[in-house]
Amino acid sequence: MKNITLIGTGIMGAPMARNIAKAGYSVTVWNRTREKAEALSDVATVADDPRKAVENADAVITMVDNSAIVTEIYFGKNGVADAAPEGALFIDMSSIQPAVARDHAAELERNGRRHIDAPVSGGEKGAIAGSLAIMAGAENADFAAARPLLESMGNPTHVGGHGAGQMAKLANQVIVAVTIGAVAEALLLAEKGGCDPIAVREALMGGFATSQILTAHGQRMIERDFRPGGPSALQLKDLENALEAARHAGLKLPLTEQARDAFHTLVNSMDMPRHDHSAYLLWLEAMNGKCMGTGETKAPA
């Protein structure tokens, strides 16, 4: 596996492409907004259209916002599923519904191609550092073939068959969203109870409450830095997908439902779809009529 095409060079896709190139692969990139792809011209070939981008690809990686976009890229008017060489491995690293991932795998197999759903966790920092948690749903042989490529971007784990990677990502997003809410509530409570939230966060580090969310997103909340690593609109999409999967499994997830409702208000009523998901704090402050800290809030441009 030498020739890799990456489609979707946004916050996550661009540093992932750089790490793939750094590992010695020949990389081609395509993005709907060409300027974003052009920023990678020092390490990758920038293609003019998606079908041209995949014509020599051993593997095609997609890193886009949602199921509809992945489906369009694969099977739409300018879809790439039949433009890539027979036997090419399609690795979708977007976060989409598990059922859609299984449908994609089945359709690609009918067309003589292979598929892995391999969504990621770790945000922009993890993408830059090449330390993403990668949850892969695939046939054993396909995962083995893709493993060196995936390891150029992070730490891959084979979690099951087609769709299992997306299901694991939904589990991840449930934990992330609920924990972001808990951290926001804890820091607001501490401050309004007379504590220095900076000192409280430091005091909690190393105890049972410590987590990546307290570390990274707690810091964002204290600094009021809501420029996106993980946009709230995408967090809302993932929670909706998790609840849809739960309904199919006959489950009720009350904490996930509460987090979904909060992000729905933040994204739609408060018009903050591009704010980082740590902006849950802004929803909490609005609900309580109280603000944490007095620093300037940093928001998306």
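These remarks concern the structure in this document.

About the thresholds
Residues numbered from 1 in each chain as written. Predicted model: local features only at pLDDT ≥ 70, side-chain atom pairs only at ≥ 80, totals over all residues. Heavy atoms only, no water. Helix = DSSP H or I, 4+ residues; strand = E, 2+ residues; numbered from the N terminus. Buried < 20%, exposed > 50% of the residue type's maximum accessible area, 1.4 Å probe, protein only. Contact = heavy atoms within 4.5 Å. Lys, Arg positive; Asp, Glu negative; His and termini not counted. Charge placed at Lys NZ, Arg CZ, Asp CG, Glu CD. Axes fitted to C-alpha atoms, helices over the stretch in contact; angles between N-to-C directions. Left-handed = near helix turned anticlockwise from the far one by under 90°. Nonpolar A, V, L, I, M, F, W, Y, C, P; charged D, E, K, R; others polar. Salt bridge = Lys/Arg side-chain N within 4 Å of Asp/Glu carboxyl O. Phe/Tyr/Trp six-rings, centres within 6.5 Å; stacked < 30°, edge-to-face > 60°.

## Details of the overall build of the chain
Along the backbone of the chain there are 13 helices and 9 strands. Viewed in the frame of its principal axes, the chain has a C-alpha envelope of about 65 × 45 × 35 Å. For the chain, buried positions account for 50% of its 301 residues. Long-range pairs, those at least 24 residues apart, make up 65% of the contacts in the chain between residues at least 6 apart in sequence. Counting 28 positive and 35 negative side-chain charges, the chain places the centres of these two groups 1 Å from one another.

## Focus on the packing of helix 11 (residues 232–248) against helix 12 (residues 254–269)
Running from N to C, helix 11 and helix 12 cross one another at 145 degrees; their axes reach a closest spacing of 9 Å. The hand of the helix 11/helix 12 crossing is left-handed. Side by side, helix 11 and helix 12 meet where Ser232, Ala233, Gln235, Leu236, Leu239, Glu240 and Leu243 of the first sit next to Thr256, Glu257, Ala259, Arg260, Phe263, His264, Leu266, Val267 and Asn268 of the second. The class makeup of the residues in the contact of helix 11 with helix 12 is 8 nonpolar, 5 polar and 3 charged.

## Things to note about unusual backbone geometry
In terms of backbone geometry, most residues other than glycine have negative phi values and most peptide bonds are trans. Backbone geometry places Arg224, a non-glycine residue, at a positive phi of 55 degrees. Its location among the elements puts Arg224 in the loop between helix 10 (212–223) and helix 11. With a relative accessible area of 4%, Arg224 lands in the buried category.

## Observations concerning the pattern of salt bridges
Side-chain pairing between opposite charges can occur once the charged atoms of the two side chains come close. Summed over the entire model, instances satisfying the criterion amount to 16 salt bridges. Between Lys52 and Glu55 there is a salt bridge whose closest N-O contact spans 3.8 Å. A salt bridge links Arg260 to Asp261; the nearest nitrogen and oxygen atoms lie 2.8 Å apart. Taken together, the shared-partner salt bridges connect Arg34, Glu38 and Asp48 into one network.

## Concerning the packing of aromatic side chains
Inspection of the entire model under this criterion finds 4 aromatic pairs. Ring geometry for Tyr74 and Phe90: centres 5.3 Å apart, planes at 80 degrees, overall edge-to-face. Highlighted residues: Tyr74 in helix 4 (residues 67–75) and Phe90 in strand 5 (residues 89–92), separated in sequence by 16 residues. With respect to class, Tyr74 is no different from Phe90; both count as buried. Residues Tyr280 and Trp283 carry aromatic rings whose centres are separated by 5.1 Å and whose planes lie at 65 degrees to one another, so their mutual orientation is edge-to-face. Separated by 3 residues within a single helix, Tyr280 and Trp283 lie in helix 13 (residues 280–288), roughly one turn from each other. Classification of Tyr280 by relative accessible area gives buried; the value is 7%. Through a chain of ring-to-ring contacts, three or more aromatic side chains come together here, namely Tyr74, Phe75 and Phe90.

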